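# Structural characterization, general
What follows is the residue order along each chain.
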Amino acid sequence: MQLERYKNNPILEPRKEHAWETGGVFNPSVIYEQGKVYIVYRAFSKDHTSSLGLAISKDGFNIDERLPEPIYKPRESFEKKAKPGVWSGCEDPRITKIGDRFYMCYTAFDGVHPTRVALTSIKVKDFLAFRWKWEKPVLISPPGIDDKNACILPQKIKGKYFIFHRFHPCIWIDSVKDLNFKKDTWIKGSCWFMPRTDKWDSRKIGIGPVPIKTKQGWLLIYHGLSEQDRKYRLGAMLLDLKDPSRVLCRPNNFILEPQQDYEKQGVVPNVVFTNGAIIIKDQLFIYYGAADNVIGLATVNLNEFLKELTEKADYKIELIRHKRNPILKPNIKNWWEADAVFNPCVIKDEKNIFHMVYRAHSSQFFDEHKPGFHISFLGYANSKNGSTFKNRRLFFKPEHKWEYFGCEDPRITKFGNQYFIFYTAVSHFPSSQEYVKIALATTKDFKTITKHGIVTPFNAKCMVLFPERINGKMVAIFALEPDLRPLKTGIAFFNDIQEILSQEYWDKWWIEKDQQGKNILFPPTPDLEIEVGAPPIKTKQGWLLILAYITGISLPGPDVFGIGAALLDLKDPTKILAKSDYPFLIPKTQYEIRYMRPNAIIFPSGAVVKNKELLVYYGAGDKICCLAFYNLERLIKILLKSSSRAYSSKFAVFQTTKGFGNEEF
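Described below are features of the structure shown in this document.

### Description of the pairing of strand 3 (residues 36-44)
- Taken across its 9 residues, strand 3 has 8 buried, putting it largely inside the fold.
- Counting the residues that bridge the hairpin from strand 2 (residues 24-33) to strand 3 gives 2 residues, and of these glutamine 34 lies at a positive phi of roughly 55 degrees.
- Linking strand 3 back to strand 4 (residues 49-57) in an antiparallel pair, the connection comprises 4 residues, with histidine 48 at a positive phi of about 65 degrees.

### Overview of the packing of aromatic side chains
- Tallied over the entire structure, the rule returns 40 aromatic pairs.
- Taken together, a centroid distance of 5.3 Å and an interplanar angle of 85 degrees make the contact between tryptophan 335 and phenylalanine 377 edge-to-face. Of this pair, tryptophan 335 sits in the loop between strand 22 (320-321) and strand 23 (340-348) while phenylalanine 377 is found in strand 25 (residues 376-383), placing the two residues 42 residues apart along the sequence.
- Given the relative accessible area of 34%, tryptophan 335 is considered partly exposed.
- Each ring, one from phenylalanine 389 and one from tyrosine 617, has its centre 6.1 Å from the other, and the planes form 80 degrees; the classification is edge-to-face. Placement of phenylalanine 389 in the loop between strand 25 and strand 26 (390-396) and of tyrosine 617 in strand 40 (residues 613-620) is noted, with a sequence separation of 228 residues between them.

### Points about the layout of surface pockets
- If you add up the space inside the second largest pocket, you get close to 610 Å³.
- Considering the residues around the second largest pocket, the lining is formed by 27 residues, among which Ile173, Asp174, Ser175, Lys588 and Gln590 are closest to the centre.
- Split into classes, the residues belonging to the lining of the second largest pocket amount to 12 nonpolar, 7 polar and 8 charged.

### Let's talk about the sheet that holds strand 24 (residues 354-361)
- Overall, antiparallel pairing links the 4 strands, which are arranged 23-24-25-26 in an open sheet. Single-partner strands in this sheet number two, and they are strand 23 and strand 26. Adjacent strand axes in the sheet meet at a mean angle of 25 degrees, parallel and antiparallel pairs treated alike.
- When strand 25 meets strand 26, the two strands line up antiparallel, connected through 4 bridges. In the strand pairing of strand 26, asparagine 382 is matched with lysine 390.

### Things to note about the pattern of salt bridges
- In this structure the tally under the stated criterion is 25 salt bridges.
- Arginine 359 serves as the salt-bridge partner of glutamate 408, at 3.3 Å between the closest nitrogen and oxygen. Taken as a pair, glutamate 408 in strand 27 (residues 407-415) and arginine 359 in strand 24 lie far apart in primary sequence, 49 residues in all. A single burial state applies to glutamate 408 and to arginine 359, both of which are buried.
- For glutamate 468, the salt bridge identified is with lysine 538, shortest N-O distance 2.9 Å. Here glutamate 468, found in the loop between strand 31 (460-465) and strand 32 (474-480), pairs with lysine 538, found in strand 35 (residues 537-538); they are 70 residues apart in sequence, far enough to count as distant.
- On the accessibility criterion, glutamate 468 (32% relative accessible area) is partly exposed.
- Each of Arg42, Glu91 and Asp92 takes part in a single network of salt bridges with overlapping partners.

The rules behind the values
- Position numbers for residues count from 1 along each chain, tracking the sequence in the order it is written.
- The predicted origin of the model limits local features to residues at a pLDDT of at least 70 and limits the giving and counting of side-chain atom pairs to 80 or more, whereas totals for whole chains, interfaces and linings rest on all residues.
- Each side-chain value is derived from all of the structure's non-hydrogen atoms; neither hydrogens nor water enter the calculation.
- Exposure categories follow from relative accessible area, calculated using a 1.4 Å probe and restricted to protein chains: below 20% of the type maximum is buried, above 50% is exposed, and the middle band is partly exposed.
- The way it works is that DSSP assigns letters per residue, a run of H or I at least four long becomes a helix, a run of E at least two long becomes a strand, and they are numbered from the N terminus.
- Two strands pair if DSSP finds at least two bridges between them.
- Each Phe, Tyr or Trp ring, with Trp reduced to its six-membered ring, pairs with another whose centre is within 6.5 Å; inter-plane angles below 30 degrees give stacked pairs, above 60 give edge-to-face pairs, and intermediate values give tilted ones.
- Every definition here rests on a 1 Å grid over the protein atoms only: cavities are sets of points where a 1.4 Å probe fits but cannot get out, pockets are open sets enclosed by protein on both sides within 12 Å along at least five of seven lines, and lining residues have some atom within 4 Å of a point.
- Grid points are joined across faces, edges and corners, and a volume is the space filled by probe spheres set on the points.
- Three residue categories are used. Nonpolar comprises Ala, Val, Leu, Ile, Met, Phe, Trp, Tyr, Cys and Pro, charged comprises Asp, Glu, Lys and Arg, and polar comprises the others, including Gly.
- What counts as an axis is a line fitted to C-alpha atoms, over the stretch in contact for a helix, and the angles between N-to-C directions run from 0 to 180 degrees.
- We define a salt bridge as a side-chain nitrogen of Lys or Arg found within 4 Å of a carboxyl oxygen belonging to Asp or Glu.

Okay, structure coming up:
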């Protein structure tokens, strides 16, 4: 699904006789109005000041007119050069027609402070008459954050305008009631689209042109930078017409990459980067900057392009949020859970009763604890349908030295005739790596509980036990040294419960890890960490392991926590049969992003199969308990299809498909 380059590329080059565009012309936005193509392009001078120029074409291919002066240049302090020698100015415009005005988002840069998104507008009649009566530009992205690549969808949807922008390295999406940004009113939104490790868009991604409305959906072109070869390429996807936050389909392959000399050699080599696309008759015209130096054009038949786009796209999974979310909230009547309830683990017994053990924060503090430190307790509730939980009570609290400052994040597995509950034990305040370890408790009825003490002598969390022996061994997976980045996933094989609690065993395990490179399941990657989520579920195809995906770890700003999955071999759980190329769920709804402290967190800790549905229980914002679900058979089918090899460390974009199953289960 490759675009066809225009034979006379490049269609625009720098003009040495014009000082303002002698350095390079590139990254154009495009308007198709009254039978003419208006190309608004970025240009820079010898001193690296960016302004915006205009060229006009009657047929879309040949340039008929090019203005000798910029139509827009730096005018405000936030885009004027802050000191000599730096890049600055108005960059990479994206223009949307709404009513009788053209709204232009562009990147404003003074050369010193982080880039920000600026917004201005002009009446259509003034633009066509070359009367450059632009509105005074305003910054719409928050200060101190590198934000760029913004555009506005050309119509309101459910009473709101959708704005896409790039908070490095992801595309974010926001919706606003109007475009009248007042002082200190910023776009915020949520992380929507992420890079994918080991693919052509592995380092960072950004929106391309303003999405184009088609019968099949909003056609969105985007750019991606590869971590491996540092090339900029173009990709495409379709968004739902009624909900642009929902991706209908997206192929894995790019649609354009640097191949020609003018794309491979220039100010910045190996770049194709687009801000502008239009439809003329049945042809899609994409105008792009090449090597930050010249402008090229590529075309394709729109109908054929859309057909191939939908036929070759992998359909992805978004877990379906339960309509009653949050299913558990803090209860101010119970002092031990008055502040927060989150990270629930759920298990279903032979009588089809759902038992939930969850982490809870008290609003009170013990005298010996420093003010502001929340002690974690474990609460209990049960349910007959898996979504309505009642009979809440304190399950157990910190009692021993090794857990005195908190019992956190339980994981439950039924093994034999008893339930194994692994949890994180915090023994000291302020907490640090050496004081955070895994502990074990067991119960047969969720009433009488036996605490066995610390499992790992080293820093670890989130241990899950397989529900049966594999090759005669008990098997556990856990987060190894989670408080010492980068996080790793350990796997251990035991003979019995005594060995799980044995210091001697763990000393040997540690030596094997260091000296023989054993016992690590998911090695970390530069931009992704994987943390153990729910205990494994046995399926015909393999052990299904729900995981926490953490991205943004190598970048400034908050991490983003999502939910993914892997499939492990039934007879050898060290063999990864498949792993999701993208998170199945990321923070998106108000109840998921409301309590960001400081990260955008949804964290899975429990999973149950009911009928044909996979129920995934997760904490949101370290504050509430939530539930999402998906058809188990379909999830595994897509998981196997989307993984290109037995072990995949890829991390792909957030995408959605139509949900499977019934909200009432």
